[in-house]
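Summary of the model geometry
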Amino acid sequence: MREIVVAITAASYSGNKGAAAMLQSSIKQLYDKYGERLEINLMSVYPGEDKEQIPYDFINIVSCKPEQLLFVAFPMAVLYKIFSWCPPIKKLLLKNKILKAYKNTDLVLDEAGISFVDSRGFIMNTYAFVCAAVPMLVGTPVVKYSQAMGTFKNPYNRFLAKWILPKLKLVCARGQGTYDNLAGIGITKNVVLCADGAFTMEDSPYWTKEVDRVCSEDPFYNDEVVGLSISSVVEKKCAKMGIPYADIMVEFIDSLNKKGKPVLLIANAARINSEKTRNNDLMICDKVYENVKDKDMVRWYHKEMDAEEIRSYIGKCQVLVASRFHAMIGSLEQKVPVLLVGWSHKYQEVLDMFGLGQYAIDFSRLTSDDLMASFEEFMKHKDEIKVSIEENYDKVMESSRENIRLTSEIIDEIMEHPKKKGKLFDYNNPEKYLGEHVACRKGYAADETIRANAASGGMVTALLVHLLKTGQIDGAWVTKTAIRDGKLTYDTFIATTEEELRSASSSIYMQMPLLKHLDIVRKFQGKVAVVLTPCLLNSLTKMMEKEPELKEKIVLKLGLYCSGNHSDKATLLSMKHSKVSLEGAKRLYYRRGHWRGQSAVVYEDGSEKTFSYTKTICAYKNAYFFEQGSCMLCQDQYGRYSDISFGDIWLKEMKGNPIKHTSCIIRNEKALSMFQSAVDAGAIVADRINDTKMVKSQKRALVFKFNLAKAKKKYYAKHGKNIAINADDPCKWNHKLAFYLARKNKKYSEEHYDKLSKVPVILIYYYMCFIRVLLSF
């Protein structure tokens, strides 16, 4: 099945760690449900920082800064809606990366912690509106993840909310206060009450262990530690009312220290490389820490912590006094009593879920004396508070999980009504082209000396070397070119050393009857991996079913993507035109180097001659000269009978990458485990690639194999042959012409080799380019 693409807006990993906690929770739960199919577009206001902090390789960072969204993407989205009848204008507007990301998304999750609140003012409420409006204008549905909304007394705020919110697929109210606010303006049909999504963020085993280590080595940490979450937002609001927030925090800490209570300062919003105070509590924490009297009784870590690390530290506290909303959420999740100093109903409604609404202090009434008095009263009841948290804990966690359960229902409904088929391929059914599989990856050999002689990223060689070193295989059946007496041939053997595996690196583009050498596998003592093309793997798999000993011996089948095989005449004619001789030669490399690479002949004296692969061998090959007859009808591009198949990634986005990559399709869990062991060991650098990109990466080969199928069936039926191939993809006039030329070229190369050899190879190259254009649309 095709990938599920979810875009998340109004949240980032950098800055507000409450937003990061919501991200971690929602993404992890979605991944648990959808696995390898899930792909996330994170519409980030801090794209640079987020790229460094994302924990998963299936998250794509899209720069979506407020100014980009408000002043560029929003007007363009409006135009997109207006000109929905005009494909050329729509195509032009989708050049905008924000609009393109939303258009290619199945569902948008708006994870703003708070939105459409009167006190947030004109700009922030406009931004909240635009965050939802832009994806909807390009036709993508939106869900408002659990968040606080209202009040709606301001006419402008009420107008925006009443216009946009009823049009969303789902609105998750974070508490009863928000639910009542929405009901007060008539929005109830698509509203459900769900606890904050960050409640269900899983603890990190790494950060739990690391924080345990830090606390065990520091005598500061005892059973009396008070956590103090300080907020730049509350500081700013206090400043407007003439309340000295920082001074009050300093006095509060000093008072606690005098009573023998150590204090841990927590920045639940941080941007380590920024001097701006938005989503950044580092500066206010620095200011408070500098002014406390007894620094030995205070711990302050000036750094940007992960959300899980913060939560682990909160778990080490006896109680928490919090001015940040999601510090409060973390405290309740850790079952640590919490006292709030806040500025919105959003705090109150969550505390009410635990029966603790009385332990919230309105910032507007904040004084040193009142804070200390409230804390002392709070401490008197801390045991009762713990009981109340425990009694309501499971109910709140279940309510938090409702966010994803309801979101998943919407996703499942969307997937039941798939998008329209592409102009060439059915992207709703990528298995049709790729075959059954559990994962797709792209990457390269970490060792650049392996990549040096590889046709693409060297992943096959790197994997085999790793498996050999770790004892997962005892040998690998591999093949390399050879030159004997000035004749091009091949060597096929069981490689049992790293040196032998490296020597067989690089692809071979000529017909080789390798299965007649299968006895070398039968006679080998040990576990074997094999590397073959799709048709050979098909035959080998059938033979393995008849030979149990062979089936037991071959523990891994590696396939190579194949658009067709050719006689050695394509190679020899290319070398003739390139004035490259085989006399005194020992090895031919069909492709080495970046992108399509160059061909090279290595001689016995150590010298070598290079020539253009693209304008010689590739030209004959991709114009279907010297093509094998069976290849004209084969539809197995990706090696369906392999455990893992490998090949090139012909995508525009990869051309500029300084390291050429290989893609691979992993077809079972055992193979995935073997591949992952190479990644974990550092032998391979790899990340995910989705099924749609996998199909697009071999676009022209698939067009020839699938879109030309109708023309092929018609031609062979006319000549009395009924061929069994899949022929339900669109076949256009250009495809029919491409098949006609391919068929004629194959026949001409078989019957008129001498005439063909006299045609300048540069003409063959441009002729090939013309055929490739025919296969491109």
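One structure accompanies this document, and this report is about it.

Locating M654 in the fold gives a position in helix 27 (residues 652-655). A relative accessible area of 8% means that M654 is categorised as buried. Separated by 43 residues in the primary sequence, M654 and S697 have C-alpha atoms spaced 9.8 Å apart. When residues no more than four places from it in sequence are discounted, the contact partners of M654 are K442, W595, I649 and H661.

A word on empty space enclosed by the protein. Scanning the model with the defined rule gives four cavities of 30 Å³ or more in all. Its boundaries defined by the atoms lining it, the largest cavity holds a volume of some 80 Å³. Around the largest cavity, the lining residues are K17, G18, A21, M201, N268, A307, I310, R311, I314, H326, A327 and G330. At the level of secondary structure, the elements contributing two or more residues to the lining of the largest cavity comprise helix 1 (17-34), helix 13 (307-314) and helix 14 (325-333). Looking at the lining of the largest cavity element by element, the count peaks at four residues for helix 13. Residue composition of the lining of the largest cavity, by class: six nonpolar, four polar and two charged.

Looking now at a nonpolar patch on the surface. A surface patch of nonpolar side chains, amounting to about 220 Å² of accessible area, comprises V78, L79 and I82. Position of L79 among the secondary structure elements: in helix 3 (residues 66-82).

Here helix 15 (residues 345-353) has its buried residues at K346, Y347, E349, V350, L351 and M353. One or two positions beyond helix 15, positive phi appears at G355, with a value near 70°.

Turning to the sheet that holds strand 22 (residues 585-592), a few remarks are in order. Ordered by their spatial adjacency, three strands build an open sheet running 22-23-24, and the pairing between neighbours is antiparallel. Unpaired on one side and paired on the other, strand 22 and strand 24 (608-612) mark the two borders of the sheet. The sheet shows a mean angle of 15° between the axes of neighbouring strands, taken without regard to direction. Relative to strand 24, strand 23 (residues 598-603) runs antiparallel, the two sharing five bridges.

Moving on: helix 32 (residues 733-751). Look at helix 32: 27 Å from first C-alpha to last across 19 residues, which is about the 27 Å you get at 1.5 Å a residue. Burial in helix 32 covers these residues: N734, H735, A738, F739, L741, A742, R743, N745, K746 and S749. Its buried side turned inward, helix 32 meets helix 30 (699-707), helix 31 (709-718), helix 33 (753-757) and helix 34 (761-774).

For the rest of this paragraph, the subject is the layout of surface pockets. Looking at the second largest pocket, its volume works out to about 1400 Å³. As for the second largest pocket, its lining consists of 46 residues, and the residues nearest its centre are R120, M124, V233, R278 and N279. Breaking the lining of the second largest pocket down by element, the ones donating at least two residues are helix 1, helix 2 (47-53), helix 3, strand 6 (114-115), helix 6 (121-137), helix 10 (232-240), helix 14 and helix 15. Each residue belonging to the lining of the second largest pocket can be placed in one class, and the counts come to 20 nonpolar, 13 polar and 13 charged.

A few words on the packing of aromatic side chains. Under the criterion given, the structure shown has 31 aromatic pairs. Their ring planes at 20° and their centres at 5.0 Å tell us that Y56 and F58 sit as a pair that is stacked. Taking the relative accessible area as the measure of exposure, Y56 reaches 25% and is therefore partly exposed. Take F58: its relative accessible area is 5%, and that puts it in the buried class. Plain terms: the ring middles of Y624 and F704 are 4.2 Å apart, the flat faces sit at 15° to each other, and that makes the pair stacked. One end of the pair, Y624, is in the loop between helix 26 (617-622) and strand 25 (644-648); the other, F704, is in helix 30, and 80 residues separate them in sequence. For the pair formed by Y624 and F704, the shared burial category is buried. Lying across the ring of Y753, K569 places its NZ or CZ 5.5 Å from the centre. Above the plane of the ring of Y765 lies K615, whose end atom (NZ or CZ) is 5.5 Å from the centre.

Analysis parameters
Residues numbered from 1 in each chain as written. Predicted model: local features only at pLDDT ≥ 70, side-chain atom pairs only at ≥ 80, totals over all residues. Heavy atoms only, no water. Helix = DSSP H or I, 4+ residues; strand = E, 2+ residues; numbered from the N terminus. Buried < 20%, exposed > 50% of the residue type's maximum accessible area, 1.4 Å probe, protein only. Contact = heavy atoms within 4.5 Å. 1 Å grid on protein atoms, 1.4 Å probe; cavity = no way out; pocket = protein on both sides within 12 Å on 5 of 7 lines; lining within 4 Å. Points joined across faces, edges and corners; volume = space filled by probe spheres on them. Nonpolar A, V, L, I, M, F, W, Y, C, P; charged D, E, K, R; others polar. Patch = residues over 30% accessible without salt bridge, like charges linked within 9 Å, V, L, I, M, F, W, Y side chains within 5 Å. Areas by Shrake-Rupley, 256 points an atom, 1.4 Å probe, with all protein chains shown as cover. Salt bridge = Lys/Arg side-chain N within 4 Å of Asp/Glu carboxyl O. Pairing = 2+ DSSP bridges. Axes fitted to C-alpha atoms, helices over the stretch in contact; angles between N-to-C directions. Expected span 1.5 Å × (residues − 1). Phe/Tyr/Trp six-rings, centres within 6.5 Å; stacked < 30°, edge-to-face > 60°. Lys NZ or Arg CZ within 6 Å of the ring centre and 35° of its normal.

Geometric descriptors of this kind do not, in isolation, establish any biological role.
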